[in-house]
Amino acid sequence: MKNWEVKYLDDVCELITCGVAARPNYVDEGVPFLSAKNVKDGQIIWSGYNCITEETHKELTKNNKPVKGDLLYTRVGSYGEAAVIEDDYEFSVFVSLTLIKVEKSKLNNYYLKHYLNSEGVKNLAKASISGSGVGNLNVGTVRKFTIPLPPLPEQKHIVSILDEAFAAIAKAKANAEQNLKNAKELFESYLQGVFEKKGDGWEEKKLGEVISYDKNQNIHKGLPYVGLEHIESNSGRFIGSLEPQIVKSSTFYFNEQHVLYGRLRPYLNKVLLPDFEGHCSTEIFPIKVGRQIAKEFLFYWLIAGSTVKKIDATWTGARMPRANMNQVLEFDFAFPPLKDQQTIVRQLDALRAETQKLEAVYQKKIDDLEELKKSILQKAFAGELGDGEPAEPKTEKSRRDDKIIENKINHTRTNPEGVL
């Protein structure tokens, strides 16, 4: 860490205090009253806040008024998120935020922001939580956080390097997130088109005419158990152990012939095609298809956007909404001959596998960029950040990889059968 000093925050800040503890009376329009939810990813979020009157604001800020250049630091609910106030807005802060005013002759406010947002200090903040229930990051504890302190000019230089690096990382991450979104929408769009366009020879019946609920209810022994938490969202994969599980409450029996449908929110629309015999939660319905329907075809119909939207509209129950399956059984269900269903399923399987590969590539890119950001921050406060630190690892190879993947997305979008 070179020859840097190490100081307590209390030694280099003019003020470290929390916001008002008593909840004031809110009004429809007035002065913003910010809380921990308004500080995230190093930024102040000027939306979703409550308002207080001008008179209340003046009373709350008569001693410690937040001004441009100060820091807000989360201490309740969300711990260890820091942001610099960059706007000349009038506002007050709730007790879930800590207000920090730095001594400008000793400490650069953006240097402190980056330091507080570094992984090591965030871990320290989480480890320092006190109190039962929600818990809080005590202001007295924050005052005794230590900070490595180079001379002020060097602090500013480090900030400029970090800002440049993080701007490049943010741009690269935004591109990767957009490509990830495109990859997901590619499959969803094609899937939706399959059930909207309907080819020649399709038949239409009520769903209840071609499927049945096989609710064989009892406590099963010697079989693996599937709960809603064991069905992975979107992919429909099973997450859990195939070891026999005994559950005290009643369950439904299923085997490879069933489609398992979860009807309880937030697990609504989780669908599994089991390749094993077992028993499942009574919030999961084992659906047995008739001879006219391939169970894989039904699976894709259940996860299609239009079907999900229609089923969501049947929710009943205030605390734990459930799909009204009696209404779902009355839905119109269009399907082609069994042979055509199997062809459609093969095409969807291939396209799904291809888009999941693309999603994995871009998700890894996003994760790598987050790790890079953490690494750069760690180097910065260890005194290891030089002028040559890369802003973003965009090699010629990674550019070519991006282009190849983007071309593949475009090709698959216009020619989905080409993935077979």
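Sequence order sets the numbering: in each chain, residues are counted from 1 along the sequence as written. Local features in a predicted model are, by the rule used here, given only for residues with pLDDT of at least 70; side-chain atom pairs are given and counted only at 80 or more, and totals for whole chains, interfaces and linings are based on all residues. Side-chain metrics rest on all non-hydrogen atoms present in the structure, leaving aside hydrogens and water.

> Teacher, can you tell me more about unusual backbone geometry here?
Working note: non-glycine residues mostly have negative phi, and peptide bonds are mostly trans. Phi is positive for Asp41, which is not a glycine, with a value near 55°. Strands are runs of DSSP state E lasting at least two residues, helices are runs of H or I lasting at least four, and both sets are numbered from the N terminus onward. Mapped onto the elements, Asp41 comes out in the loop between strand E4 (39-40) and strand E5 (43-44).

> I would appreciate a short explanation of the side chain of Thr74 in the present structure.
Position of Thr74 among the secondary structure elements: in strand E7 (residues 71-74). One polar contact links the side chain of Thr74 to the main-chain carbonyl oxygen of Ser78, over a distance of 2.8 Å. The residues touching Thr74, leaving out its near neighbours within four places in the chain, are Ala36, Val39, Tyr79, Gly80, Glu81, Ser96, Leu97 and Leu137. Polar contact is the term for a pair of N or O atoms within 3.5 Å; when the atoms are in protein, one must be able to donate a hydrogen and the other to accept it, and sequence-neighboring residues count only if both atoms are side-chain atoms. Here, two residues are considered to be in contact whenever any of their heavy atoms come within 4.5 Å of each other.

> How should the layout of surface pockets be read in this particular structure?
If you roll a probe as big as a water molecule over the atoms, it shows you where there is empty space left. Cavities and pockets were defined on a 1 Å grid built from protein atoms only: a cavity is a group of points that admits a 1.4 Å probe but offers it no way out, a pocket is an open group of points flanked by protein on both sides within 12 Å along at least five of seven lines, and a lining residue is one with an atom within 4 Å of any such point. Grid points are joined across faces, edges and corners, and a volume is the space filled by probe spheres set on the points. Each pocket or cavity is described by its volume, and for the second largest pocket that value is around 630 Å³. In terms of lining residues, the second largest pocket is bounded by 19 residues, among which Asp41, Gly42, Phe166, Glu370 and Lys373 are the most central. Among the secondary structure elements, those contributing two or more residues to the lining of the second largest pocket are helix H3 (109-116), helix H4 (119-127), helix H6 (152-197) and helix H11 (338-380). Per-element tally for the lining of the second largest pocket: the top contributor is H6, with six residues. Here the residues of the lining of the second largest pocket sort into five nonpolar, four polar and ten charged. Under the grouping applied here, Gly and all other residues not named as nonpolar or charged are polar, the nonpolar ones being Ala, Val, Leu, Ile, Met, Phe, Trp, Tyr, Cys and Pro and the charged ones Asp, Glu, Lys and Arg.

> What should I look at first to understand the pattern of salt bridges in this one?
Where charged atoms of side chains with opposite charge meet at close range, the side chains can pair. What counts as a salt bridge is simple: a side-chain nitrogen of Lys or Arg found within 4 Å of a carboxyl oxygen of Asp or Glu. Under the criterion given, the structure shown has 16 salt bridges. The network of salt bridges with common partners includes Glu119, Glu371 and Lys374.

> Which parts of the structure should I look at to understand empty space enclosed by the protein?
Considering all chains together, one arrives at one cavity of 30 Å³ or more under this definition. Roughly 40 Å³ of internal volume is contained in the largest cavity. Lining the largest cavity are Leu207, Ile211, Tyr213, Tyr261, Ile287, Leu298, Leu302, Ile311, Met325 and Val328. Those elements that provide at least two residues to the lining of the largest cavity are strand E15 (211-213), helix H8 (295-303) and helix H10 (325-328).

> Is there a simple way to explain the environment of Gln192 in this structure?
Within the secondary structure, Gln192 is located in helix H6. Residue Gln192 is classed as buried on the basis of its relative accessible area, which comes to 14%. Sequence spacing of Gln192 and Ile303 is 111 residues, and the spatial spacing of their C-alpha atoms is 9.4 Å. Not counting the four nearest positions on each side in its chain, Gln192 is found in contact with Ala304, Gly305 and Ser306. Only 2.8 Å separates the side chain of Gln192 from the side chain of Ser306, close enough to count as a polar contact. Only protein chains enter the accessibility calculation, which uses a 1.4 Å probe; a residue whose area is less than 20% of its type maximum is buried, one above 50% is exposed, and one in between is partly exposed.

> Looking at this model, I keep getting lost on the sheet that holds E7. Mind explaining?
Note: two strands are recorded as paired if DSSP finds a minimum of 2 bridges between them. Ordered in space as E2-E10-E7-E8, the four strands form an open sheet in which the pairing is antiparallel. Strands with a single pairing partner mark the edges of an open sheet, and in this sheet they are strand E2 (13-18) and strand E8 (82-84). Between one strand and the next, the sheet's axes are offset by a mean angle of 20°, whatever the strand orientation. Across three bridges, the pairing between E7 and E8 is antiparallel. For Leu72, the partnering residue across the bridge sits in E8 and is Ala83. Across the face of the sheet, H3 comes into contact with E2, E7, E8 and strand E10 (97-102) while running at roughly 160° to E8. Every axis corresponds to a line fitted to the C-alpha atoms, with the helix fit spanning only the stretch in contact, and the corresponding angles, defined between N-to-C directions, vary from 0 to 180 degrees.

> What exactly am I supposed to notice about the sheet that holds E15 here?
Either a parallel or an antiparallel arrangement is found when strands of a sheet pair, and the pairing is made through backbone hydrogen bonds. Spatially, four strands are ordered E15-E22-E19-E20 in an open sheet, and the strand pairing comes out antiparallel. Each edge of the sheet is formed by a strand with only one pairing partner; in this case those strands are E15 and strand E20 (270-272). Taken pair by pair, the neighbouring strands of this sheet meet at an average axis angle of 30°, ignoring direction. For strand E19 (residues 258-262) and strand E22 (residues 284-289), the ladder comprises five bridges, and the chain directions are antiparallel. Counterpart to Gly262 in the pairing with E22 is Ile284. Across the sheet, H8 is in contact with E15, E19, E20 and E22; its angle to E19 comes to roughly 15°.

> I'm lost on the packing of H8 against helix H9 (residues 305-312) in this one. Help?
Packed helices, taken two at a time, are described by their axes: the angle between them and the distance between them. Where H8 meets H9, the axes come as close as 5 Å, and the angle between the chain directions of the two elements is 65°. By the angle between their directions, the pair H8 and H9 is classed as roughly perpendicular. Across from Trp301, Leu302 and Ile303 in H8, the residues of H9 making contact are Gly305, Thr307, Val308 and Ile311. Across the contact of H8 with H9, the residue classes break down as five nonpolar, two polar and no charged. The cut-offs work like this: below 35 degrees is roughly parallel, past 145 is roughly antiparallel, 65 to 115 is roughly perpendicular, and the gaps in between are oblique.

> How should I be thinking about the packing of H6 against H8 in this particular structure?
The interhelical angle for the contact between H6 and H8, taken along N-to-C directions, is 110°, at an axis separation of 10 Å. Taken together, the axes of H6 and H8 are roughly perpendicular relative to one another. In the packing of H6 onto H8, the handedness of the crossing is left-handed. For the pair formed by H6 and H8, the contact residues are Phe187, Leu191 and Phe195 on the first element and Phe297, Tyr300, Trp301 and Ile303 on the second. Here the contact of H6 with H8 is composed, by residue class, of seven nonpolar, no polar and no charged. With the far helix as reference, a near helix turned anticlockwise by less than a right angle produces a left-handed crossing, and one turned clockwise produces a right-handed crossing.

> Please explain the packing of aromatic side chains as it appears in this structure.
Here the distance between the centres and the angle between the planes together describe a pair of aromatic rings. Each Phe, Tyr or Trp ring (for Trp, its six-membered ring) is paired with any other whose centre lies within 6.5 Å, and the angle between the two planes then decides the class: stacked below 30 degrees, edge-to-face above 60, tilted in between. In the structure shown here, the tally under the stated rule is 17 aromatic pairs. Aromatic pair Phe252 and Phe285: ring centres 6.1 Å apart, planes at 20°, arrangement stacked. With Phe252 in strand E18 (residues 251-254) and Phe285 in strand E22, this pair connects stretches of sequence that are 33 residues apart. Taken together, the ring pairs in this structure connect Phe195, Trp202, Phe297, Trp301, Phe333 and Phe335 into an aromatic cluster. Its end group placed over the ring of Tyr8, Lys144 keeps NZ or CZ at 5.0 Å from the ring centre. Definition used: whenever NZ (Lys) or CZ (Arg) falls within 6 Å of the ring centre and also within 35 degrees of the ring normal, the charge is taken to sit over that ring. In this structure, Lys373 is placed above the aromatic ring of Phe166, and the distance from its NZ or CZ to the ring centre is 5.0 Å.

> Explain the side chain of His279 to me, please; I cannot follow it from the model alone.
As for its placement among the helices and strands, His279 is situated in strand E21 (residues 278-280). Polar side-chain contacts of His279 include one of 2.8 Å to the backbone oxygen of Gln245. At 3.1 Å, the side chain of His279 forms a polar contact with the side chain of Thr251. Setting aside residues no more than four positions away along its own chain, His279 makes contact with His220, Leu223, Pro224, Tyr225, Val226, Gln245, Val247, Thr251, Phe252, Tyr253 and Phe254.

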